[in-house]
Amino acid sequence: MSSLVLKNFSQRTRELAPGFVVSSVVAAAACFLSEHYGAPVMLFALLLGMSVNFLAAESKCKAGIEFTARSVLRMGIALLGMRITLGQITALGWQPVALVITLVVVTITVSVIAAKILGFQKLFGMLTGGSTAICGASAALALSAAFPNHPQKEKATLFTVIGVSALSTFAMIVYPMIAKWLELSPQAAGVFLGATIHDVAQVVGAGYSMSTQTGDTATVVKLMRVAMLLPVIVCAAMITRIQGADSTGERPPLLPWFAVGFLLLACINSTGWVPAMVQNGINDLSRWFLVIAISALGMKTQLKELASVGIKPILLMIGESIFLVVLVLGLMRLWF
């Protein structure tokens with residue numbers, strides 16, 4: 001029995017290895033370019049993946065690329081939980097917590113309504129709204145993993161990742177200027193940047209470019225937004241269960257395993273028993289898994305497919321970003 005299991009495992013490994021290896025090579029190239037040119041690594045991973053999309057066709061790499069785009073992605077999402085502690089959330093008081101919960105709920109709700117008005121499915125509005133309100137490309141990938149399979153799901157996910165990565169880079173440059181123009185205090189500037197910029201890396205870059213206090217505050221507020229990923233994933237899973245089975249006939253789980261892993265790691269990290277070296281290692285592994293997965297997703301699509309989406313999705317994402325800035329500034333004026 002054990003020899004049969006070992007044989008099946010060995011056969012499965014040989015089947016998946018080529019696709020995983022090419023995805024890893026593309027991810028490594030994306031990391032190199034990102035470090036040397038300062039652009040988002042997710043964007044490089046997507047574009048490089050698209051440039052070699054022939055590998056995802058009928059070849060030895062196909063099964064491994066499918067596995068990487070699905071299972072490795074979910075592993076990376078689960079490991080994101082190691083970024084969160086309850087102490088970080090409570091240290092700033094109730095106002096930032098209320099601010100984050102409100103902006104996530106309101107932004108996603110408005111995005112779903114706007115998507116419906118523009119003629120898109122509600123789940124597309126939840127995908128773009130969640131990526132804008134929570135944590136950019138990581139949230140887009142996590143929500144997509146919780147949605148049922150659909151012929152247009154990967155195309156919508158890739159478009160969202162590209163759009164939110166570009167907008168996050170723009171925000172990292174422009175939003176500190178807005179904070180200075182509004183003469184916000186260092187802590188208020190940190191709250192503003194942490195609550196509005198899409199990706200964690202861009203929040204860190206923008207915050208510490210202003211001051212250490214601003215950077216620290218911005219990072220904690222941003223991690224509070226990341227913590228909202230879990231309840232939003234659960235809501236997305238509940239919606240898809242209500243809508244029924246996906247195109248493969250499978251009924252989505254109420255609580256996906258990667259969401260459970262996210263919660264468990266967040267609880268473990270909150271104990272304070274995890275050494276900094278282990279914590280940093282898991283965070284790096286999570287980032288690496290996500291970059292590998294987005295490289296694989298890039299291989300599964302073609303640029304001409306994304307070019308066919310039209311102007312409406314672009315306007316939707318820009319509108320969501322502008323709405324988030326206005327909402328956060330309004331709430332800050334009310335509560336701070």
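Position numbers for residues count from 1 along each chain, tracking the sequence in the order it is written. Local features in this predicted model are restricted to residues whose pLDDT is 70 or higher, and side-chain atom pairs enter the listing and the counts only when it is 80 or higher, whereas totals over whole chains, interfaces and linings include all residues. The side-chain figures draw on all heavy atoms in the structure; neither hydrogens nor water molecules are used.

J.: Give me the lowdown on the packing of helix 5 (residues 94-117) against helix 11 (residues 212-227), citing residues and values where you can.
T.: Axes, fitted as lines to C-alpha atoms, cover a helix only where it is in contact. Angles between the N-to-C directions of the axes lie from 0 to 180 degrees. The way it works is that DSSP assigns letters per residue, a run of H or I at least four long becomes a helix, a run of E at least two long becomes a strand, and they are numbered from the N terminus. Two elements in contact, helix 5 and helix 11, have axes whose closest approach is 10 Å; the angle formed by their N-to-C orientations is 45°. Here helix 5 lies oblique to helix 11, going by the angle between them. Regarding helix 5 and helix 11, the two cross each other, and that crossing is right-handed. Residues P96, V97, V100 and L103 of helix 5 pack against V221, M224 and R225 of helix 11. A class-by-class count of the residues in the contact of helix 5 with helix 11 yields six nonpolar, no polar and one charged. Our angle categories are set so that under 35 degrees counts as roughly parallel, over 145 as roughly antiparallel, 65 to 115 as roughly perpendicular, and the remainder as oblique. In this scheme, a crossing is called left-handed if the near helix is turned counterclockwise away from the far one by less than a right angle; it is called right-handed if the turn is clockwise. Every residue pair with non-hydrogen atoms within 4.5 Å of one another is taken to be in contact. Here the term charged refers only to Asp, Glu, Lys and Arg, the term nonpolar to Ala, Val, Leu, Ile, Met, Phe, Trp, Tyr, Cys and Pro, and the term polar to all other amino acids, Gly among them.

J.: Describe the nonpolar core, with residues and values.
T.: In these notes, a set of buried Ala, Val, Leu, Ile, Met, Phe, Trp, Tyr and Cys residues joined through side-chain atoms within 4.5 Å is what counts as a nonpolar core. Only protein chains enter the accessibility calculation, which uses a 1.4 Å probe; a residue is then buried when its area is under 20% of its type maximum, exposed when over 50%, and partly exposed in between. Core analysis: the biggest nonpolar cluster contains 92 residues, and L103, V104, L229 and I294 have the highest contact counts within it. Ignoring anything within four residues of it in the chain, the contact list for V104 reads A133, I134, M228 and V232. Grouped together as the second largest cluster of nonpolar side chains are seven residues, L79, M82, V274 and I282 included.

J.: Mind laying out the UniProt feature "transmembrane region" (unreviewed entry) in the protein chain, listing which residues take part and the relevant values?
T.: UniProt positions are given in the numbering used here, feature names are shortened, and annotations may be inferred rather than shown by experiment. Here, UniProt's "transmembrane region" (unreviewed entry) annotation points to residues 41-59, 97-117, 124-146, 158-178, 190-211, 223-242, 254-273 and 315-335. The distance separating the terminal C-alpha atoms of residues 97-117 is 30 Å; by composition the span is 100% helix and 0% strand. From the first C-alpha to the last, residues 124-146 spans 13 Å; its make-up is 96% helix and 0% strand.

J.: Give a description of the packing of helix 2 (residues 41-51) against helix 8 (residues 153-181) that names residues and reports values.
T.: Where helix 2 contacts helix 8, the two axes come as close as 9 Å, and the packing angle between them is 140°. It follows that helix 2 is oblique to helix 8 by the angle criterion. For helix 2 against helix 8, the interelement crossing comes out left-handed. Of the residues in helix 8, those touching helix 2 at M42, L43, L46 and M50 are L158, V161, I162 and S165. Residues of the contact of helix 2 with helix 8, tallied by class, amount to seven nonpolar, one polar and no charged.

J.: So what's going on with a nonpolar patch on the surface? Which residues, and what values?
T.: Only residues above 30% relative accessible area that lack a salt bridge enter a patch, with like-charged residues linked at up to 9 Å and the nonpolar side chains Val, Leu, Ile, Met, Phe, Trp and Tyr linked at up to 5 Å. In these tables, accessible area is a Shrake-Rupley quantity obtained with a 1.4 Å probe, and a residue counts as shielded only by the protein chains included in the view. The working definition used for a salt bridge is a side-chain nitrogen of Lys or Arg within 4 Å of a carboxyl oxygen of Asp or Glu. Side chains of I311, I314, L315, I318, I322 and V326 sit close together on the surface and give an oily, nonpolar patch of about 550 Å² of accessible area. For V326, the location among the structural elements is in helix 16 (residues 312-335). Owing to a relative accessible area of 55%, V326 belongs among the exposed residues under this scheme.

J.: So what's going on with the environment of A140? Residues and values would help.
T.: By secondary structure assignment, the location of A140 is in helix 7 (residues 137-146). Residue contacts for A140: discarding those within four places in its chain leaves L127, S131, T157, T160 and V161.

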